[in-house]
Amino acid sequence: MQNLSDQPCLIARSLALVGDAWSMLILRDAHAGLTRFDEFRKSLSIAPTILTRRLAALTEDGLLERRRYSERPPREEYVLTAAGRDFLPVLFAIGAWGRKHRNTDGVTRFFDAETGTEIDPVMIDRATGAPIGTRRIRIAAPE
């Protein structure tokens, strides 16, 4: 399969970084406050080898950074970078799509910690104010 990170489309390039489910779920959990390997492993029931690879890739790609929290024994945690924090709206857009098009019985819900209201994301185009998906799009090749 052709390497997506070389594509001119930013959707393809972004998917090359975070296009697998494990990476997105790690980022979801990092937004919920998880930082340590064992926390991610327990939350996701993921094999340690897969988790190690995904954490390394997310760190290398600049969505997470490792910080030492213990010298003896040496232990590190994974914290969101600015790029990782900016990924939260993407996760909520995926969740909103799932709420609309998939079975929602017994699903996790997300609430604003300050107001207690359930989060209901809306994606709009900044220039027109139109909700994304309500207008036709045109794709332009790079110049």
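Rules behind the numbers
- Residues numbered from 1 in each chain as written.
- Predicted model: local features only at pLDDT ≥ 70, side-chain atom pairs only at ≥ 80, totals over all residues.
- Heavy atoms only, no water.
- Phe/Tyr/Trp six-rings, centres within 6.5 Å; stacked < 30°, edge-to-face > 60°.
- Helix = DSSP H or I, 4+ residues; strand = E, 2+ residues; numbered from the N terminus.
- Buried < 20%, exposed > 50% of the residue type's maximum accessible area, 1.4 Å probe, protein only.
- Lys NZ or Arg CZ within 6 Å of the ring centre and 35° of its normal.
- Salt bridge = Lys/Arg side-chain N within 4 Å of Asp/Glu carboxyl O.
- Axes fitted to C-alpha atoms, helices over the stretch in contact; angles between N-to-C directions.
- Parallel < 35°, antiparallel > 145°, perpendicular 65-115°, else oblique.
- Left-handed = near helix turned anticlockwise from the far one by under 90°.
- Contact = heavy atoms within 4.5 Å.
- Nonpolar A, V, L, I, M, F, W, Y, C, P; charged D, E, K, R; others polar.
- Pairing = 2+ DSSP bridges.

The name an unreviewed UniProt entry assigns to the chain is Transcriptional regulator, HxlR family, from the organism Rhizobium miluonense.

Points about the packing of aromatic side chains
Two descriptors summarise a pair of aromatic rings, namely the distance from one centre to the other and the angle between the planes of the rings. Across all of its chains, the model carries one aromatic pair by this definition. Aromatic pair Phe92 and Phe110: ring centres 5.3 Å apart, planes at 80 degrees, arrangement edge-to-face. In this pair, Phe92 is assigned in helix α6 (residues 88-101) and Phe110 in the segment after α6, connecting sequence segments 18 residues apart. Of the residues examined, Phe92 reaches a relative accessible area of 16% and is grouped as buried. Its relative accessible area of 37% is what places Phe110 among the partly exposed residues. We note Arg36 situated over the ring of Tyr69; from NZ or CZ to the ring centre the distance is 3.6 Å.

Remarks on the pattern of salt bridges
As a working rule, side chains carrying opposite charge can pair if their charged atoms are close by. Here the structure, examined in full by the defined rule, presents eight salt bridges. For Arg54, the salt bridge is made with Asp20, and the minimal N-O distance between the two is 2.8 Å. With Arg54 in helix α4 (residues 48-60) and Asp20 in the loop between α1 (10-18) and α2 (21-31), the pair connects residues that are 34 residues apart, well separated along the chain. Asp20 sits in the partly exposed class, given a relative accessible area of 25%. Through salt bridges that share partners, Arg66, Arg68, Glu71 and Glu76 make up one connected network.

Describing the packing of α2 against α6
Direction vectors running N to C along α2 and α6 enclose 115 degrees, while the axes themselves pass 10 Å from each other. Judged on the interaxial angle alone, α6 and α2 are roughly perpendicular. In this structure, the crossing between α2 and α6 has a hand that is left-handed. Across from Met24, Leu27, Arg28 and His31 in α2, the residues of α6 making contact are Leu88, Leu91 and Ile94. Of the residues contributing to the contact of α2 with α6, the split by class is five nonpolar, one polar and one charged.

With respect to the pairing of strand β1 (residues 64-70)
One ladder, built from six bridges, connects β1 with strand β2 (residues 75-80); its direction is antiparallel. Residue Arg68 lies in a different strand from β2, and its bridge partner there is Glu76. The hairpin formed by β1 and β2 contains four residues between the paired strands.

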